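Spelled out, the chains give:
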Amino acid sequence: MSHAPLARFTAAAPLRAELAGWRRSGARVVLVPTMGALHAGHLALMERAKALGDRVVASIFVNPTQFGPNEDFSRYPRDTEADLALLAGAGVDAAYLPEVAGMYPEHFSTRIEVEGLTEGLCGAYRPGHFSGVATVVTKLLNQVQPDLALFGEKDFQQLLVIRRAVRDLDLPVEIQGVPTLREADGLALSSRNRYLDADARARAPRLHAVLARIAEGLSAGGDAARLLEEGRATLAAAGFDPVQYLDVRDAETLAPVERVARPARVLAAAYLGRTRLIDNVAVG
Ligand code: PAF
């Protein structure tokens, strides 16, 4: 089937003009927000978006406000031309590439804070991160006004934070999570995997192996504290240092879980060398 070429927008006004035309023809619009450095995991999001909607917009914006002062904002991988080629190949209708000055004009002074959900796990180690994410995602949702927006489950806490902000602020959009895509050895696809050297890449799949082992152990009625302790020891032996967190949480509220009665999630963040990896799996 022939397809119109990928349209590119760097500002919200012309994008909205294009979107208005789509909407008049009754199209269901899906937004997939990204920070670029696209990989097969992102392409799975695009594919899902195409299956669920009539028009797909992908945004690429390395959002400065979600990076801490000692994080990898300046070295975050950027390859816009390669990203645009992938989006065109995936049949995406429009790429939205806002500029930092357009997103955050002079005297920008509003931020979205989602309390509670953002306090533990990544939130404890990345102060301000989820406020930056919630703010930029709210802006993207307001700019594009999609019917549906898709986010990867790899950033599980992020997904819950976005769902909560959308619900609390009555944003008229449906949010859906998409399961994590993995390499054959279990490593979750991530733009940051590019940072791993050969040795770290060989060790990295232990993270998923440990999470999967804990999830299986919990499903079989195992003791959470013991399983987590074994998991931490396995990660340390594989060279993960530090292991920032390895925990079992309620899959909706992220409250700590001792006995698994409701849907739960095992989540971890750990460093291999300078690279911070995160991952999570469902229990059961
Ligand atoms: O997951 C990401 O790539 C980013 O956090 C997001 C949702 C695009 C916001 O900048």
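Everything numeric in this text was worked out from a predicted model, so none of it was measured.

A. Local environment of the packing of aromatic side chains. Taken as a whole and judged by the stated rule, the model has five aromatic pairs. On the basis of an interplanar angle of 40° and a centroid distance of 6.3 Å, the ring pair of Phe 61 and Tyr 104 is categorised as tilted. Pair noted here: Phe 61 is in the loop between β3 (55-60) and α3 (80-89) and Tyr 104 is in the loop between α4 (100-103) and α5 (122-125), with a separation of 43 residues, a long-range link. On the accessibility criterion, Tyr 104 (14% relative accessible area) is buried. Summarising the aromatic geometry, the rings of Phe 67 and Tyr 76 are spaced 5.8 Å apart at their centres and angled 70° between planes, so their arrangement reads as edge-to-face. For Phe 67, a relative accessible area of 10% gives the class buried. Site record: aromatic cluster; members linked through ring pairs are Phe 61, Tyr 104 and Phe 108. Over the face of the ring belonging to Phe 73 we find Arg 78, whose NZ or CZ atom lies 4.8 Å from the ring centre.

B. Up close: empty space enclosed by the protein. All told, the structure shown has one cavity of 30 Å³ or more when counted by the stated rule. Of the volumes computed, that of the largest cavity is approximately 40 Å³. Taken together, Val 133, Ala 134, Val 137, Thr 138, Leu 141, Ile 162, Ala 165, Val 166 and Leu 171 form the lining of the largest cavity. Put simply, the parts of the chain that give the lining of the largest cavity at least two residues each are α6 (129-144) and α7 (156-168). Looking at the lining of the largest cavity element by element, the count peaks at five residues for α6. Residue classes in the lining of the largest cavity are distributed as eight nonpolar, one polar and no charged.

C. Layout of the layout of surface pockets. The space that makes up the second largest pocket amounts to roughly 190 Å³. Taken together, 14 residues form the lining of the second largest pocket, with Ile 60, Phe 61, Val 62, Arg 78 and Thr 80 sitting closest to its centre. In terms of residue class, the lining of the second largest pocket is built from nine nonpolar, two polar and three charged.

D. How the structure looks around the site of the ligand. All residues adjacent to the ligand are Pro 33, Thr 34, Met 35, Asn 63, Gln 66, Val 136, Val 137, Phe 151 and Gln 158. Between the ligand and the protein, one listed contact pairs an oxygen atom with a side-chain N or O atom of Gln 66 at 2.6 Å. Within the side chain of Gln 158, an N or O atom sits 2.7 Å from an oxygen atom of the ligand. Listed by contribution, the elements that provide at least two residues to the shell around the ligand are β2 (29-34) and α6. A class-by-class count of the residues in the shell around the ligand yields five nonpolar, four polar and no charged.

E. View of the pairing of β2. The element β2 is extensively covered by neighbouring structure, given that six of its six residues are classed as buried. By the alternation rule, side chains of β2 split into Val 29, Leu 31 and Pro 33 and Val 30, Val 32 and Thr 34, which are all buried. In terms of handedness, the path from β2 via helix α2 (residues 40-52) over to β3 forms a crossover that is right-handed. The pairing of β2 with strand β5 (residues 148-152) spans two bridges and is classified as parallel. Paired with Leu 31 across the strands is Ala 149, a residue of β5.

F. Quick peek at the side chain of Arg 249. Within the element layout of this structure, Arg 249 appears in strand β7 (residues 243-250). Residue classification places Arg 249 among the buried positions, given a relative accessible area of 13%. There is a polar contact of 3.3 Å between the side chain of Arg 249 and the side chain of Asp 247. Among all residues touching Arg 249, those that are not within four sequence positions of it are Leu 121, Leu 254, Ala 255, Pro 256, Val 257, Ala 264, Arg 265 and Leu 267.

G. Local environment of unusual backbone geometry. Between Asp 241 and the following residue, Pro 242, the backbone shows a cis peptide bond with an omega angle of -5°. Position of Pro 242 among the secondary structure elements: in the loop between α10 (224-237) and β7. Unusually for a residue other than glycine, Gln 145 sits at a positive phi of about 50°. Here Gln 145 is to be found in the loop between α6 and β5. Given a relative accessible area of 40%, Gln 145 falls into the partly exposed group. The phi dihedral of Leu 254 falls on the positive side, at around 65°, and the residue is not glycine. With respect to the secondary-structure elements, Leu 254 resides in the loop between β7 and β8 (264-272). What makes Leu 254 buried here is its relative accessible area of 5%.

Cut-offs and rules
- Residues numbered from 1 in each chain as written.
- Predicted model: local features only at pLDDT ≥ 70, side-chain atom pairs only at ≥ 80, totals over all residues.
- Heavy atoms only, no water.
- Phe/Tyr/Trp six-rings, centres within 6.5 Å; stacked < 30°, edge-to-face > 60°.
- Helix = DSSP H or I, 4+ residues; strand = E, 2+ residues; numbered from the N terminus.
- Buried < 20%, exposed > 50% of the residue type's maximum accessible area, 1.4 Å probe, protein only.
- Lys NZ or Arg CZ within 6 Å of the ring centre and 35° of its normal.
- 1 Å grid on protein atoms, 1.4 Å probe; cavity = no way out; pocket = protein on both sides within 12 Å on 5 of 7 lines; lining within 4 Å.
- Points joined across faces, edges and corners; volume = space filled by probe spheres on them.
- Nonpolar A, V, L, I, M, F, W, Y, C, P; charged D, E, K, R; others polar.
- Near = heavy atom within 4 Å.
- Polar contact = N/O pair within 3.5 Å; in protein donor to acceptor, adjacent residues only side chain to side chain.
- Right-handed = clockwise from strand over helix to strand, strands pointing away.
- Pairing = 2+ DSSP bridges.
- Contact = heavy atoms within 4.5 Å.

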